[in-house]
Amino acid sequence: MSTENLTRQEAAQKLKELSEKARVCMFCTQLDELPLAARPMSLQECDEEGNLWFISSADSNKNFEIGDDKRVQLFFMNNSNHEYLSVFGDAFIYTDRETIEEKWSPIAKAWFEEGKDDPNVTIIRVAPGDTYYWDTKAGKLVTLASFVWAAVTGQKTDNSDGVEGKLNV
């Protein structure tokens, strides 16, 4: 496995690519308490600067926990493509109409009776800090073939198709 640390625009592009392909993450709060408070969350968008956007309810535990400590940890997994992403960052809660209008998704209506006009709708932006990724260079078929070859021949795979590194957005 090789290491490729990415910075600025390249890092933001990789973060966007991996997070939007996975779409769902484990969103963890209360990072100084064990066990971590974790729940699955659907990503709305990863913008060009690498900010991750979510829709959440104002009365959720997650929002209360972010109010006490804005540090969060997100874990994205796209097992079918062997792509993984860990994002540590700060969460910010938005309640203004403009941000809600911009980030709203009709799918979120399932959680909010009044849709985007529900008074409990909030938008969470996670500004990434310490971010790490694991990916493949040639895609899942080449990676799978190398693992199958290793299993058939009894050889240990060198995982040379793998790449990992820090994303400094």
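The notes below deal with the structure included here. (Residues numbered from 1 in each chain as written. Predicted model: local features only at pLDDT ≥ 70, side-chain atom pairs only at ≥ 80, totals over all residues. Heavy atoms only, no water.)

### Notes on the environment of arginine 97
Within the secondary structure, arginine 97 is located in helix H3 (residues 97–103). Residue classification places arginine 97 among the partly exposed residues on the basis of a relative accessible area of 39%. Distance in space between the C-alpha atoms of arginine 97 and threonine 122 is 9.4 Å, their sequence separation being 25 residues. When residues no more than four places from it in sequence are discounted, the contact partners of arginine 97 are Lys116 and Asp117. (Helix = DSSP H or I, 4+ residues; strand = E, 2+ residues; numbered from the N terminus. Buried < 20%, exposed > 50% of the residue type's maximum accessible area, 1.4 Å probe, protein only. Contact = heavy atoms within 4.5 Å.)

### Re the state of the cysteines
Scanning all chains against the criterion turns up 0 disulfides. With no disulfide of its own, cysteine 25 has cysteine 28 as its nearest cysteine by sulfur position, at a separation of 8.1 Å. (Disulfide = S-S within 2.5 Å.)

### A look at the side chain of lysine 14
If you trace the backbone, lysine 14 turns up in helix H1 (residues 8–22). Among the polar contacts made by the side chain of lysine 14, one reaches the side chain of aspartate 135 at a distance of 2.6 Å. Among residues more than four places away in sequence, those in contact with lysine 14 are Leu6, Tyr133, Asp135 and Leu167. (Polar contact = N/O pair within 3.5 Å; in protein donor to acceptor, adjacent residues only side chain to side chain.)

### Overview of the pairing of strand E8 (residues 83–94)
Where strand E7 (residues 71–78) and E8 come together, 8 bridges link them in antiparallel fashion. Within the sheet, the bridge partner assigned to phenylalanine 76 lies in E8 and is leucine 85. Hairpin connection from E7 to E8: 4 residues lie between these consecutive antiparallel strands, with histidine 82 at a positive phi of about 55°. When E8 meets strand E9 (residues 121–136), the two strands line up antiparallel, connected through 10 bridges. The residue bridging tyrosine 84 from the neighbouring strand is tryptophan 134, located in E9. (Pairing = 2+ DSSP bridges.)

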